[in-house]
Amino acid sequence: MEISEVQLLGSYYQVFDAKGKKVSELGKANGALCGIGSGFFVVERGNYYVTYDAKSRKIAEMGAFEGKFRNTSGATFNLKNGNNIVSYNVRCKKISERSA
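Residues numbered from 1 in each chain as written. Predicted model: local features only at pLDDT ≥ 70, side-chain atom pairs only at ≥ 80, totals over all residues. Heavy atoms only, no water.

Participant: Help me get a handle on the pattern of salt bridges, residues and values and all.
Facilitator: Counting across every chain of the model gives 5 salt bridges. For E25, the salt bridge goes to K22, with nearest N and O atoms at 3.2 Å. On the basis of relative accessibility, which here comes to 39%, the residue K22 falls in the partly exposed class. When salt bridges that share partners are traced, they join R45, K58 and E61 into one network. (Salt bridge = Lys/Arg side-chain N within 4 Å of Asp/Glu carboxyl O. Buried < 20%, exposed > 50% of the residue type's maximum accessible area, 1.4 Å probe, protein only.)

Participant: Quick rundown of the sheet that holds strand 3 (residues 22–27)? Include the residues and the values.
Facilitator: Pairing within the open sheet is antiparallel, and its 3 strands lie in the order 1-2-3. At either margin of the open sheet sits one strand with a lone partner, and together these are strand 1 (3–9) and strand 3. Averaged over all neighbouring strand pairs, the angle between strand axes comes to 20 degrees, with direction disregarded. By the bridge criterion, 5 bridges tie strand 2 (residues 12–17) to strand 3 in an arrangement that is antiparallel. Looking at strand 3, one finds that Y12 is bridged to G27. (Pairing = 2+ DSSP bridges. Helix = DSSP H or I, 4+ residues; strand = E, 2+ residues; numbered from the N terminus. Axes fitted to C-alpha atoms, helices over the stretch in contact; angles between N-to-C directions.)

Participant: Residues and numbers for the packing of aromatic side chains, please.
Facilitator: Within this structure, the stated rule accounts for 5 aromatic pairs. A centroid spacing of 6.5 Å and a plane angle of 50 degrees characterise the contact between F40 and F77, whose relative ring orientation is tilted. Within this pair, whereas F40 is found in strand 5 (residues 40–45), its partner F77 is found in strand 9 (residues 76–81), the two being separated by 37 residues in sequence. By the burial criterion, F40 is buried, and F77 matches it. (Phe/Tyr/Trp six-rings, centres within 6.5 Å; stacked < 30°, edge-to-face > 60°.)

Participant: Pulling in residues and values, what's your account of unusual backbone geometry?
Facilitator: Negative phi is the rule for most residues except glycine; trans is the rule for most peptide bonds. Despite not being glycine, S56 shows a phi value in the positive range, around 60 degrees. With respect to the secondary-structure elements, S56 resides in the loop between strand 6 (48–53) and strand 7 (58–63). A residue is classified by how much of its surface remains accessible, and S56, at 12% relative accessible area, is buried. For C92, which is not a glycine, the phi torsion comes out positive at approximately 65 degrees.

Pasting the structure below:
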């Protein structure tokens, strides 16, 4: 399912689809929103990055020590690790790495 927006309202992140309909919500206590991809979003919770689908179901998580969050694009997200940009899929599996 395509995500058009994730917005903080009160103590919940509300997830909206392409038609503007709220499809789910996730408590703010689950972490800070980092970025939104086409069908997922990334939250930083303590020392972890956690990916969620449009229904706010956890997909995967990885240690934040892997790098500083940079952005999301399509079905991937990027972290900056030293002098490198590392791309991961929604399951937190490394796809590629390049020099920054």
